[in-house]
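Here is what each chain is made of, one letter per residue.
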Amino acid sequence: MDAAAACCLLLVLATTTISSVYAYAQAADGGCFRKEREALLSFKGGITEDPHSLLASWNGQDCCLWSNVRCNNRTGHVVKLDLRNNFLLDDMMVLGYPRPHPGMHGKISSSLLALHHLEYLDLSGNHLGGAGVSIPRFLGSLGSLVYLNLSCMSFNGKVPPQLGNLSRLMYLDLNLWWCLYDENNLHVEDISWLPRLPSLRFLNMNRVNLSTAGNLVQVVSMLSNLRVLHLSDCELVFPHTPIVHSNLTSLQMLDLSGNWGGTLNPSYWFWDVGTIKHLDLSQNEIAEPFPAAMGNMTSLEALHLGGNRLTSLNPKALSNLCNLRELTLSGNRINQDLPEFLEGLPHCAWSKMKMLDLTYTNLSGEIPKWIDQWTDLSILQLSFNQLVGSIRREIGGLIKLDKLYLDGNQFNGSISEEHLGSLVNLEELDLSYNSLNMVISSNWTPPFKLQLAYFPSSKLGPRFPLWLKGQRDITYLDISDAGIVDHLPDWFWAVFSNVQYLNISCNQISGRLPSTLEFMSSAMPIVFDLNSNMLTGSIPQLPRLLVELDISRNLLSGPLPQNFGAPFLGDLLLSENSINGTIPVHICELKYLNVLDLAKNHLIGGFPDCAEVSVGTKKLNAKFSAEALILYENNLSGDISFLQGCPELIILDIGHNKFTGRLPTWIAERVPDLSYLRLRHNMFSGSIPIQVTQLVYLQYLDLANNRISGFVPHTLANMKAMTQDHPEGLNNPLWSSYDRPEGHSEGYKAPKYDDSLEVVTKGQYLDYTSSLIYMVGLDLSCNNLVGEIPVEITSLVNLKSLNISHNQFSGMIPETIGFLGSLESLDMSCNELSGGIPSSFSSMTMLSKLNLSYNNLSGRVPTGNQLQALIDPASSYIGNDYLCGPPLPRNCSGPEGAGYLHLFHTRVRDPTGKERRCVASRKLTEAETKAEAREASEVSGSQRRRKMSYSRGSRQSSYSRYRSRSRSVDSSDIENPGNNLYVTGLSSRITDRDLEKHFSAEGEVIDASIVLDPWTRESRGFGFVTMATLKEAERCIKYLDRSVLEGRVITVEKILLTAAGRCPQLFRIKFKRYTT
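Draft legend 1. Looking closely at the overall build of the protein. From N to C terminus, the protein includes 16 helices and 67 strands. Within the span of the protein, comprising 1076 residues, buried residues form 54% of the whole. Intrachain contacts of the protein at a sequence separation of at least 6 include 60% that bridge at least 24 residues. Carbon together with sulfur atoms contributes 51% to the accessible area of the protein, which is approximately 45,100 Å² in total.

Written out as structure tokens, the structure reads:
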């Protein structure tokens, strides 16, 4: 280099240095560049809410020192603005509860245009959009941007083509997955701007509607530097014609999940992109084998095909995929034997495979002995298949396993230390819902540190598994229904203080709850399920982040705490304990509460009126936000004006309390979403207001056993949920909002509510769980309702149960009653109905329980296949002295369909010569028939009673008559000497012999029978057992209740047969229906 050149170089360096020094001096004068500081403050001014204090430090002169702002060390210009809502994913874990958007609220200020040197902008997860607000066009003028993340920001409308001006952009994320609200709704009409981003390496447009984007494939193929492309759930349909020329020479990751359905064409463009390492085609409803063109993708390392309709794989198409590391097929119906399927996978990849997900693929057979040849496996998921046999010890040779899911199969046998002793990397283990016995020594120290341990329905007991003591890293623990009969160890709460999901339900675990659980330190939302044990104590102070708590069916006592200490509680289930005192007003402050169940306790007083609650001198103006309020069988009292502060309620059950007053006329206006309303066994009075029939979602209404009088409104047809075949439904608040933890690629949802809600139907008290939402019923029984049955009641065609018994209804049964074709149970007994039974009864093909007893009905009993299959058909008509024909012993004279009969008593001599009183009859003339029908509908009650010799002047005398009849006819059904047992929770595989064998361990079994469905002849999941002695029956209750039979926990209880109401044909049979 000559002297002149050297001088020129020194001059350039000096000039650059002077410029840098000048820039620093300018920045140092105010801490940073004034225009950039003002631009940031202007942006801050557009933010109306900042719940996570992302902008709290934006004060002072030096903006380069502000949080989430970074400046270039050389020039002093702002180059990075990272305001990502990092709490978004955490908040996503709290599913199903209405709450405001967790990030910043406001608008994006155009002042950002002053940041000419900005290279990195991340505003994701904040609510800076909203209805009608699209991505600001001016962002396309930030020409220095290299990184732009606008995902989950509640933007709507068209993606602006001005983004194509960002020629330096390398990373663009407009992803709408995992967004909390439906406000995110973006679409692209013209994608021609995309090739103007030649440096783009990462593009995520998941859930952005690209259905009208033109030839997307041709456009994308021009991005030669593109390495990662996410186009999941974009409503894409790819052309079948191949691409003539593609510049996709760098593409490594391609996600096309959740788009088109049906076929895979061999000419699809991505088969020839040999650089792809990760291909996701899941959730596309692909139904045919993969084309041989897949064999060209020799670089493929991860292939995700879950959620399609594949029935097999093409081994030839996979044979060249020797680099395959991950394969997911969950949700496809492969229908193969597991060893056969594994043999079809490329042998050259066996020792390299790290992840194999075959969840829900209908595989059968046993785990092959040579499974240990898959030496690199770290994730093995075989959940919910038809796999049988024992779990081979060879699985313990997969020493790199960190996730092992074998749940939901038919495995049996034992699991010992030999299976698990070498799995030093194991973090997640799920053996639930098999017939496995965990035979592990109490002093065994596992070599692994589990984070997820799922063992429901596995045999861990009867002692508490002490080997769990060292597993302090567990965040998900489920040992429900594990046969544990033991005291909760003292170390339990301390060891699992970081837990996020804890389920020890359906055991016989005893012990006292600690006074506080505030020390539970998880930074994520927490779920506790402790139901159906023998825990004692009072409700403790709860962890702050607890969102679901179920301690129902335990032995808790004392009052409810005045402050639960868990402001994010969504589900609070405390039923079937001995909790006393009043319901605290703190309930009104739980703004995320979704289900509150305090049934079957000893609570007194009223329910807080949240609209009127005050704290000190300040009125809260709060509302009770729950969708389900369940308070039945307490001693609560007062009126129900508190419902005015419960606008979100879908399910309300306050039955069996002491509530008083009239049914409110404002109910449809203030609680418009009510779907299940159960007020039975209270002291409500007055008439049924018309406004009740304006509850368009109401599908179950139970007003039985109150003091309601007057007429039934003729506006019943307004109850759309009872009249329409497919009514617009609401969310079921009793269905789980809790997803099973990661590991199940297709997710797993189950009923979260296994507590029971009583429904009276078919003469029984049935307990429903989460399936209650499918019950459609109307029960007005045991009140003082009068008048004729409104014909509009026959428009409620969705009804499955109708009970209007024990009232004073008169007149004739509506001729159109047969329109109620979905009815399974109909009870009109103990009224003053007259006339004939309409022939349309034979149209009720679903009817299994009918009770028309103790009325003034006359004429022939209709016939029909379903009417002949009724439960105890003869008792359906007792107390109607003028009915005749099968199944009654009285014959009708005349042909089928004859008119009214005149029945009278006479005396005849039997063959022994003894005189007996009997019934005789003659057919009325046509004129007599019309006169009889007219008289039956017009005469007063007192005249009819004199005419029919049916005295209702004194209900006491008539009911004593009923009772005497019942004793003479049905006494064997009413009495239970104590040795008759009721058994529920039975597997459908259990036979009478199996049931007898199980109970014979405790004594002599006289009879054992499973109740079968009359149509399908399949088990209904319950049965009856009669023991030889009372002592043996009590032993069965003591030792067999909550025992396991064929992998199911059964309940055993004494049959309780007591009169329910005032009609001798209605008995109360208590049992539970469990949803599995």
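Draft legend 2. Inspection of the sheet that holds strand β49 (residues 784–788) at higher detail. If you walk across this open sheet you meet the 12 strands as β31-β33-β35-β39-β41-β43-β45-β49-β51-β53-β55-β56, and the pairing is parallel. Single-partner strands in this sheet number two, and they are β31 (557–559) and β56 (882–884). Each strand axis lies, on average, 20° off the axis of its neighbour in the sheet, ignoring direction. The pairing of strand β43 (residues 683–686) with strand β45 (residues 707–710) spans two bridges and is parallel. Looking at β45, one finds that Ser 685 is bridged to Arg 707.

Draft legend 3. Spatial organisation of the pattern of salt bridges. Per the counting criterion, the structure on display carries 14 salt bridges. Two residues, Arg 393 and Glu 418, come together in a salt bridge whose shortest N-O distance is 2.9 Å. Of this pair, Arg 393 sits in the loop between β19 (386–390) and β20 (403–405) while Glu 418 sits in helix α7 (residues 417–420), placing them 25 residues apart in sequence. What makes Arg 393 partly exposed here is its relative accessible area of 46%. For Glu 418, a relative accessible area of 51% gives the class exposed. Across the salt bridge formed by Asp 702 and Arg 678, the nearest N and O atoms sit 3.8 Å from each other.

Draft legend 4. Quick peek at a negative patch on the surface. The grouping of Asp 992, Asp 994, Glu 996 and Asp 1007 at the surface amounts to a negative patch. Broken down by element, the residue count for the negative patch peaks at three residues, all from helix α15 (residues 992–999). Here Asp 994 falls in the partly exposed class, since its relative accessible area comes to 30%.

Draft legend 5. Layout of the state of the cysteines. Enumeration over the complete set of coordinates arrives at five disulfides. There is a disulfide in this structure between Cys 32 and Cys 63, and the S-S distance comes to 2.1 Å. Because the sign of the S-S torsion sets the handedness, a value of about 130° for the bond joining Cys 32 and Cys 63 places this disulfide among the right-handed ones. In this pair, Cys 32 sits in the loop between α1 (3–30) and α2 (34–45) while Cys 63 sits in the loop between β1 (47–49) and β2 (69–71), placing the two residues 31 residues apart along the sequence. Taking relative accessible area as the criterion, Cys 32 reaches 1% and is therefore assigned buried. A relative accessible area of 0% places Cys 63 in the buried class.

Draft legend 6. Here's a closer look at the pairing of β19. For strand β17 (residues 364–365) and β19, the ladder comprises two bridges, and the chain directions are parallel. Across the sheet, the residue bridging to Gly 365 is Leu 387, located in β19. Across three bridges, the pairing between β19 and strand β21 (residues 410–415) is parallel. In the sheet register, Val 388 faces β21, and the bridge partner there is Gln 410.

Draft legend 7. Region of the structure containing the pairing of β43. Of the two faces of β43, the one holding Phe 684 and Gly 686 is buried and the one holding Met 683 and Ser 685 is not buried anywhere. Of the pairings in the sheet, the one linking strand β41 (residues 658–662) to β43 comprises three bridges and is parallel in character. Each bridged residue has a counterpart across the sheet, and for Arg 662 the counterpart in β43 is Ser 685.

Definitions and limits used
Residues numbered from 1 in each chain as written. Predicted model: local features only at pLDDT ≥ 70, side-chain atom pairs only at ≥ 80, totals over all residues. Heavy atoms only, no water. Helix = DSSP H or I, 4+ residues; strand = E, 2+ residues; numbered from the N terminus. Buried < 20%, exposed > 50% of the residue type's maximum accessible area, 1.4 Å probe, protein only. Contact = heavy atoms within 4.5 Å. Areas by Shrake-Rupley, 256 points an atom, 1.4 Å probe, with all protein chains shown as cover. Pairing = 2+ DSSP bridges. Axes fitted to C-alpha atoms, helices over the stretch in contact; angles between N-to-C directions. Salt bridge = Lys/Arg side-chain N within 4 Å of Asp/Glu carboxyl O. Patch = residues over 30% accessible without salt bridge, like charges linked within 9 Å, V, L, I, M, F, W, Y side chains within 5 Å. Lys, Arg positive; Asp, Glu negative; His and termini not counted. Charge placed at Lys NZ, Arg CZ, Asp CG, Glu CD. Disulfide = S-S within 2.5 Å.

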